[in-house]
Amino acid sequence: MTHAMTHWARLSSARSARWTSLALTLALATLAGPRGAAASGEGEAIAVIVHPDNPLTRVSLTELRAILLRQKDRWPNGAPIRILNWEANSPTRVAFDQAVLRMSPERVAAYWVDRRIRGLGTPPRSVSSAQLIEGVVARNTEFISYVPAREAGPRVKALIVGGLRPGDPLYPIRPTSE
Amino acid sequence: MRTAARLAGLWLALAGLPAARAQAPAGPPASAPPASSAVKGAEAGTLEQLEREVRALRERQRADDRRRDESEQRLALAEETAASLSDQLEAQRTFAIYGFFDVSFQKWWVPENVLAGDLLDQEPSFIFGNLNLYFDFKPLQDWRMLAEVRFLLNPVGDTRAYEVARLGERYRQVDVTTNDAGSFGESFDYGSIEIERAWLSWGRLEWLQLTVGLLLTPYGIWNIDHGSPTRILATAPPVYVLQLFPERQLGLELHGSTFVHDVRLEYALTLSNGRGDASNLKDPDWNKALGGRVVAGSTGDWTWQAGLSWYWGDYSEIKRVFVPPRDIVKETTVRYREAAVGADFSLEVGPFGLQTEVLANWRKYDDDHRPPWVPRGSESFIPADQDVLAQAFPGQFRPDLGSWAAIAILSYELPLRHLRLRPFVSATWLDIDDNISFDNLIDLTYGLNWRVSGAVVVKVAQEWVHWPNKRGEPILLFGSEDVHRFSTQIAVAF
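Residues numbered from 1 in each chain as written. Chains lettered and ligands numbered in written order. Predicted model: local features only at pLDDT ≥ 70, side-chain atom pairs only at ≥ 80, totals over all residues. Heavy atoms only, no water.

**Q** I tried to follow the overall build of chain B on my own but got confused; where do I start?
**A** Summing up its helical and strand segments, chain B has seven helices and 18 strands in all. Considering chain B as a whole, with its 494 residues, one finds that 42% of them fall into the buried category. For chain B, restricting intrachain contacts to residue pairs at least 6 apart in sequence, the fraction spanning at least 24 positions comes to 62%. Surface exposure of chain B reaches about 26300 Å², of which carbon and sulfur atoms provide 61%. (Helix = DSSP H or I, 4+ residues; strand = E, 2+ residues; numbered from the N terminus. Buried < 20%, exposed > 50% of the residue type's maximum accessible area, 1.4 Å probe, protein only. Contact = heavy atoms within 4.5 Å. Areas by Shrake-Rupley, 256 points an atom, 1.4 Å probe, with all protein chains shown as cover.)

**Q** Would you mind going over the overall build of chain A with me for this structure?
**A** Counting its secondary structure elements, chain A contains five helices and seven strands. Reading the helices (α) and strands (β) of chain A from amino to carboxyl end gives α-β-β-α-β-α-α-β-α-β-β-β. Accessible surface for chain A amounts to roughly 7700 Å². Of this, 57% is attributable to carbon and sulfur atoms.

**Q** Whenever I open this one, the nonpolar core confuses me. Can you help?
**A** A:Val48, A:Leu64, A:Phe96, A:Ile144 and A:Ile173 are the most contacted members of the largest nonpolar core, which totals 46 residues. Counting residues per element, the ones that place at least two in this core are β1 (46–50), α2 (61–68), β3 (82–86), α3 (91–101), α4 (105–117), α5 (130–137) and β5 (143–148) of chain A together with α2 (37–91) of chain B. If we skip the residues at most four places from it in the chain, A:Ile173 touches A:Glu44, A:Ala45, A:Ile46, A:Val48, A:Leu61, A:Leu64, A:Phe96, A:Ala99, A:Val100 and A:Val161. The next biggest cluster of nonpolar side chains, apart from the first, holds 27 residues, and it includes B:Trp108, B:Trp222, B:Phe424 and B:Ile432. (Core = buried A, V, L, I, M, F, W, Y, C linked by side-chain atoms within 4.5 Å.)

**Q** Explanation requested: the pattern of salt bridges in the structure shown.
**A** As a working rule, side chains carrying opposite charge can pair if their charged atoms are close by. Residues and elements named next belong to chain B. Inspection of every chain in the model, using the stated rule, returns 33 salt bridges over all chains. For Arg68, the salt bridge identified is with Asp65, shortest N-O distance 3.4 Å. Taken together, the positions of Arg68 and Asp65, both in helix α2 and three residues apart, correspond to about one turn of that helix. Note on Asp65: relative accessible area 24%, which makes it partly exposed. One network of salt bridges, in which partners are shared, links Arg150, Glu194, Glu196, Glu247 and Arg248. (Salt bridge = Lys/Arg side-chain N within 4 Å of Asp/Glu carboxyl O.)

**Q** Can you help me understand the side chain of B:Asp314 in this one?
**A** Residue and element names in this part refer to chain B. Looking at where Asp314 falls in the secondary structure, it is placed in strand β11 (residues 302–323). Asp314 gets classed as buried once you look at its relative accessible area, which sits at 3%. At a separation of 3.0 Å, a polar atom in the side chain of Asp314 contacts the side chain of Arg335. Reaching out from Asp314, the side chain makes a polar contact with the side chain of Arg337 at a distance of 2.8 Å. (Polar contact = N/O pair within 3.5 Å; in protein donor to acceptor, adjacent residues only side chain to side chain.)

**Q** I'm lost on α4(A) in this one. Help?
**A** Given 3.6 residues per turn, any residue in an α-helix points the same way as the ones three and four places further on. All names here are of chain A. Taking 1.5 Å per residue as the helical rise, α4 with its 13 residues ought to reach 18 Å, and the 19 Å between its terminal C-alpha atoms agrees with that figure. Of the residues making up α4, those classed as buried are Val108, Ala110, Tyr111, Trp112, Val113, Asp114, Arg115, Arg116 and Ile117. Following α4 by one or two positions, Gly119 adopts a phi angle in the positive range, close to 90 degrees. (Expected span 1.5 Å × (residues − 1).)

**Q** I'm lost on the packing of α3(A) against α4(A) in this one. Help?
**A** Residues and elements named next belong to chain A. Interhelical geometry of α3 versus α4 gives an angle of 80 degrees and a closest axis separation of 10 Å. Here α4 runs roughly perpendicular to α3, going by the angle between their axes. Residues Arg93, Val94, Asp97 and Leu101 of α3 touch α4, and the partners they reach there are Pro105, Val108 and Trp112. For the contact of α3 with α4, a count of residues per class yields five nonpolar, no polar and two charged. (Axes fitted to C-alpha atoms, helices over the stretch in contact; angles between N-to-C directions. Parallel < 35°, antiparallel > 145°, perpendicular 65-115°, else oblique. Nonpolar A, V, L, I, M, F, W, Y, C, P; charged D, E, K, R; others polar.)

**Q** What is the right way to read the confidence of the model for chain B from this model?
**A** Any segment with low pLDDT has predicted coordinates that should not be analysed in fine detail. Residue and element names in this part refer to chain B. Averaged over every residue, the pLDDT of chain B is 82; the share at 70 or more is 78%. Of the regions scoring below 50 in pLDDT, residues 16–32 engages in two contacts with residues more than four places distant in sequence or in other chains. This stretch, residues 376–381, has a pLDDT under 50; its non-local contacts, to residues over four places away or in other chains, come to 25 contacts. ipTM for the predicted complex: 0.76, alongside a pTM of 0.78. (pLDDT = per-residue confidence, 0-100.)

**Q** Please clarify how the pairing of strand β17 (residues 456–466) of chain B should be interpreted in this entry.
**A** The two faces of a sheet get side chains in turn, since along a regular strand they alternate between them. Residues and elements named next belong to chain B. Only one face of β17 is covered, namely the face carrying Val457, Lys459, Ala461, Glu463 and Val465; the face carrying Val456, Val458, Val460, Gln462, Trp464 and His466 is uncovered. Where strand β16 (residues 440–451) lies against β17, ten bridges are found, and the strand directions are antiparallel. Looking across to β17, one finds that Thr445 is bridged to Glu463. Between β16 and β17, which pair antiparallel and follow one another directly, the connecting turn spans four residues. (Pairing = 2+ DSSP bridges.)

**Q** Teacher, can you tell me more about the pairing of strand β2 (residues 125–138) of chain B here?
**A** Residues and elements named next belong to chain B. Note: strand β1 (residues 94–109) against β2, 13 bridges, orientation antiparallel. Residue pairing in the sheet places Tyr98 in a bridge with Tyr134 of β2. In this structure, the hairpin formed by β2 and strand β3 (residues 143–151) is closed by a connection of four residues, where Asp142 is found at a positive phi of approximately 80 degrees.

**Q** How should I be thinking about the environment of B:Trp362 in this particular structure?
**A** Residue and element names in this part refer to chain B. Following the sequence through the fold, Trp362 ends up in strand β13 (residues 352–365). Classification of Trp362 as partly exposed rests on a relative accessible area of 47%. In this structure, Trp362 is in contact with Arg337, Glu338, Ala339, Val341, Leu401 and Gly402, ignoring residues within four places of it in sequence.

**Q** Explain the packing of α2(A) against α3(A) to me, please; I cannot follow it from the model alone.
**A** What describes two packed helices is the angle between their axes and the distance between those same axes. Residues and elements named next belong to chain A. Running from N to C, α2 and α3 cross one another at 125 degrees; their axes reach a closest spacing of 9 Å. For the element pair α2 / α3, the angle class is oblique. Seen from α2, the contacting residues are Leu61, Leu64, Arg65 and Leu68; seen from α3, they are Phe96, Ala99, Val100 and Leu101. Its residues assigned to classes, the contact of α2 with α3 comprises seven nonpolar, no polar and one charged.

**Q** How should I be thinking about the packing of aromatic side chains in this particular structure?
**A** The description of an aromatic ring pair uses the distance of the two centres, along with the angle that the planes make with each other. Taken as a whole, this structure holds 14 aromatic pairs over all chains when the rule is applied. Aromatic pair A:Phe96 and A:Tyr146: ring centres 3.7 Å apart, planes at 5 degrees, arrangement stacked. Placement of A:Phe96 in helix α3 and of A:Tyr146 in strand β5 is noted, with a sequence separation of 50 residues between them. What makes A:Phe96 buried here is its relative accessible area of 0%. The class of A:Tyr146 is buried, set by a relative accessible area of 1%. Ring geometry for B:Trp143 against B:Trp202: centres 6.3 Å apart, planes inclined by 55 degrees, an arrangement best described as tilted. Taken together, the residues B:Trp143 in strand β3 and B:Trp202 in strand β6 (residues 193–205) connect sequence positions 59 residues apart. (Phe/Tyr/Trp six-rings, centres within 6.5 Å; stacked < 30°, edge-to-face > 60°.)

**Q** In this structure, what is going on with the sheet that holds strand β4 (residues 125–127) of chain A? I would like to understand it.
**A** Adjacent strands of a sheet pair through backbone hydrogen bonds, lying either parallel or antiparallel. All names here are of chain A. Sheet architecture is open: five strands sit in the order β4-β3-β5-β1-β6, paired in mixed fashion. Either end of the sheet is taken by a strand with one partner, and the two such strands are β4 and β6 (157–158). Sheet topology note: the β1/β5 ladder contains five bridges and is antiparallel. In the sheet register, Ala47 faces β5, and the bridge partner there is Val147. Helix-sheet contacts for α5 involve β1, β3, β4 and β5, and the interaxial angle to β5 is about 150 degrees.

**Q** What is the right way to read the environment of B:Asn287 from this model?
**A** Residues and elements named next belong to chain B. Inspection of the secondary structure puts Asn287 in the loop between α6 (277–281) and β10 (289–298). Residues in contact with Asn287, not counting those within four places in the same chain, are Asn273, Asp314, Arg335 and Arg337. Here the side chain of Asn287 touches Asp314 through a polar contact of 2.6 Å, side chain to side chain.

Structure below.
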């Protein structure tokens, strides 16, 4: 009886430790803090996300570039396209700009300055948290943004880009190994 | 919860063990064997170990609870922030102030034996260029208002200490010295403000939007790039100084954009009072000016843009004459009709950049309202009766004018990591068929741009200007001597 209880207590302790460890891992993985580094994993896909009710399901890289550069600023129904960007120089932003806009961080910064001086408006709002981005996109059908693919939860819809889903090995929006 | 339940069960089990053991001697069963000291020692050791494990588990549970609480709080905060941000962005009522600033240092080298030598100061000097502020307001969804003002050190007219106006212009000196209300005996000179543009735009459709107000004329590259941080050259090349298109107009613009496959098409149609400061106040004639622009372009590995622009309008100067006994007659003093066309092309491929622009303007005066001849290359808008140089050459009138100009700027970004150095060279050709100040102009500029960041640009340039004299006649303003200029500029967007 004593041995059985000791064994149970040890087993329970070990299980509890594993559970605690798992809980901690899950908690850390879902923390609301900055998670830009999440996209810095080599080759990890970046999903382009919209509200599930947004009728758009697929987009070409050219269209996506036009949207993100604010050269195209209306959805087909006439509603404004609202972009939520990552903070400049965050790994997700740098990887996305390189893959979609074909621009370095310096060129992107210059692009938005030039556009402002030409009177074409201000750059999109930037935030530094996938949680925040997902939360905003999940609340508004007019928003478009992007997050590391594994951060795209069920509250948002990941677009098919160039005919490929983020899980596809050939999906085009990934960090380059520069 | 499961951990807590397990802990509770374990604790109850442990708590029950010594109690049971303590009760055992009170009622020993007849068949129970006597407990040995070795067994008692082993039980005590096991008990202590279990108690330690329980304490450790309790500690872990507390830490786990703390972390879970923190995590939940942060998640809740993130959700709350997302909701708040979403509401803010959805409201779309935004007001932003931004702008740009530049300061330059210049040195001219001009031969003394030409008239221009007296106009272009050869002393090296710092130049206060632009301090422009933008007020960008979105009062409602689909509406946007933009005002841009430029703050100048120049007072209204010219400074008292430095009485240089453009050739032929009459000085309009104004004493702008005023007392500083905040301190006794101290005074300052106030500068003036120029409204660069101010308009209100509405559009729910991407392909059709309407803008009304004071607009920068949509033509070419230079006029659209507009600000020193965006432009490659530190100083305006002669192509733009001539204003073959008016720089800005007061009126309305219908514009929009669409995509044809991967090519973006933009178009604009303008209706305005026309060229000139007077037209920016109130149109002095019945004829409105029309203009337009069509642009095609693409952004990507090859970023290119090709544009065509045109402008057609009348220019008038009027004065009011009192006719006794009680009549006032509006009399036209100058009037011409003009047409301008322009084509531009820009290309960026990797580190290479190319900007080209060709502009042409034809101007035909009404014979009844042809102004006196003025030895000036560019059109200025001095009322004829105030034009001192025109009065110095009586009996001669301005000819009809046909001018064209072209500029090409080639640049290359050096392959330096995180150091955006871009050497450039530009070439300008100008042909003004006015037979007055000069016939042709060639301007070659080479220099280096350093885009320190997106917002900060440093420019250094050396310019050489040459006037080929195709008629072989002496040219009043510049003769046939070359002019050189060194300029450096720092421009900041904020």
